[in-house]
Amino acid sequence: RPLVRRLFVPSARRLFTAMGLNAEEQRGELTKVYQNALLQSILMARLSRLSPSEEARQFEVRGIESLEAERAETKPVILAGSHFGVNRLFPLWLARRGMEVLSLEKMDTLDLMGVSKPDSLRAVVLDSSFKAQATMLALRHLKSSGVCHLTGDKQRPAGDEAYHVRCFHGLKKEYPLGLANLSLMSGAAILPYFCTIQDRGRVLIEIHPPIRPPSSPAPTGSAEREAQILDLVDSFADVLEAAVNRTPGNQRWLWLD
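Residues numbered from 1 in each chain as written. Predicted model: local features only at pLDDT ≥ 70, side-chain atom pairs only at ≥ 80, totals over all residues. Heavy atoms only, no water.

### Some thoughts on the pairing of strand 6 (residues 163-168)
Alternating positions in strand 6 separate cleanly, His164, Arg166 and Phe168 being buried on one face and Tyr163, Val165 and Cys167 remaining unburied on the opposite face. Pairing between strand 6 and strand 7 (residues 171-176): six bridges, direction antiparallel. Counted as the bridge partner of valine 165 is glutamate 174 from strand 7. Connecting the antiparallel pair strand 6 and strand 7 is a turn made up of two residues, with histidine 169 showing a positive phi of about 50°. (Buried < 20%, exposed > 50% of the residue type's maximum accessible area, 1.4 Å probe, protein only. Helix = DSSP H or I, 4+ residues; strand = E, 2+ residues; numbered from the N terminus. Pairing = 2+ DSSP bridges.)

### Observations regarding the nonpolar core
Within the largest apolar cluster, 46 residues are counted, with the highest numbers of intra-cluster contacts made by Leu15, Phe16, Ile78, Leu179, Leu182, Phe236 and Leu240. Take this core: its biggest share by element is nine residues, from helix 9 (residues 223-246). Once residues lying within four places of it in the same chain are set aside, the contact partners of leucine 182 are Ile78, Thr135, Ala138, Leu139, Leu142, Cys148 and Leu150. Core analysis: the second largest hydrophobic core is formed by 31 residues, Ala45, Ala95, Val101 and Cys195 among them. (Core = buried A, V, L, I, M, F, W, Y, C linked by side-chain atoms within 4.5 Å. Contact = heavy atoms within 4.5 Å.)

### Remarks on the pattern of salt bridges
Enumeration over the complete set of coordinates arrives at 12 salt bridges. Residues arginine 96 and glutamate 55 are paired through a salt bridge, measuring 2.8 Å at the closest nitrogen-oxygen approach. Here arginine 96 is found in helix 5 (residues 90-96), whereas its partner glutamate 55 is found in helix 3 (residues 52-58), with 41 residues between them in sequence. Look at glutamate 55 and you get buried, because its relative accessible area is 11%. Residues joined by salt bridges that share partners form a network here, namely Arg166, Asp234, Asp238 and Glu241. (Salt bridge = Lys/Arg side-chain N within 4 Å of Asp/Glu carboxyl O.)

### Examining the packing of aromatic side chains
Centre-to-centre distance and the angle between the planes together describe a pair of aromatic rings. Summed over the entire model, instances satisfying the criterion amount to four aromatic pairs. Between phenylalanine 90 and tryptophan 93 the ring centres are 5.9 Å apart and the planes differ by 15°, which places this aromatic pair in the stacked class. A residue pair is termed a helical-turn pair when its members lie 3 or 4 positions apart in one helix, as phenylalanine 90 and tryptophan 93 do in helix 5 at three residues. Comparing phenylalanine 90 with tryptophan 93 shows no difference in burial state: the two are buried. (Phe/Tyr/Trp six-rings, centres within 6.5 Å; stacked < 30°, edge-to-face > 60°.)

### Re the sheet that holds strand 8 (residues 189-197)
Within the open sheet, the seven strands sit side by side as 1-9-8-2-5-3-4. Their pairing is mixed. The open sheet terminates on both sides in strands that have one partner only, identified here as strand 1 (59-62) and strand 4 (121-125). Averaged over all neighbouring strand pairs, the angle between strand axes comes to 25°, with direction disregarded. As paired elements, strand 3 (residues 101-105) and strand 5 (residues 147-151) share three bridges and run parallel to each other. Looking at the pairing, valine 101 lines up with valine 147 of strand 5. The strands touched by helix 8 (residues 178-186) within the sheet are strand 2 (77-81), strand 5 and strand 8, with strand 2 carrying the most contacts at an inclination of about 170°. (Axes fitted to C-alpha atoms, helices over the stretch in contact; angles between N-to-C directions.)

Okay, structure coming up:
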């Protein structure tokens with residue numbers, strides 16, 4: 001994969017060095033970078049053909065009770081993915097369980113791969129010309145107590161889109177404000193999740209407890225509202241950065257100096 005070698009490997013090495021990993025530790029984590037890039041597409045294609053028993057052997061799930069508790073009370077939920085591990089598998093995995101998911105994506109990877117999606121999975125491609133339309137679709141879905149999936153970090157700056165910059169081991173990392181805004185507008189809890197490759201190619205799905213927006217959002221444009229947005233972004237970032245600290249090779253990100 002030229003993109004992996006050209007962009008993600010140098011960026012990963014920059015992160016590993018900033019974290020103080022020695023040469024042997026860096027080699028071990030670097031295998032995850034290649035592994036994730038190689039296996040994610042394969043697993044996405046394979047998942048659509050697995051029988052229930054095969055799927056149960058392929059996937060281990062932790063924290064599903066957090067999602068089930070929200071759904072039992074018919075509350076809207078935002079599943080917050082990231083450029084970590086093989087997270088693109090998750091919307092398809094959920095939809096195969098019969099859960100209706102609206103997924104906001106940079107590109108419809110499954111469609112490009114020719115992989116059929118369950119009727120319960122709807123992908124909305126984020127076109128820069130129609131970002132407001134995608135937001136309205138997601139908001140409408142959440143207002144109907146639906147489940148929405150989107151990525152809570154970003155790969156690189158996108159025009160003049162608002163984002164929050166944090167420093168991680170001396171390197172800059174950017175977080176878009178859209179996730180927090182959508183949570184505040186809809187009242188939906190944010191559930192961060194991670195999918196990682198384990199021994200023998202098995203996938204571990206970890207769903208974290210909900211990050212809840214304030215029950216009384218401040219008026220749009222106010223200083224208090226801006227503080228609420230940044231608080232939600234920071235809460236999500238804390239969860240993601242803790243995961244990166246545990247297994248930095250799972251993070252596929254273009255780190256900024």
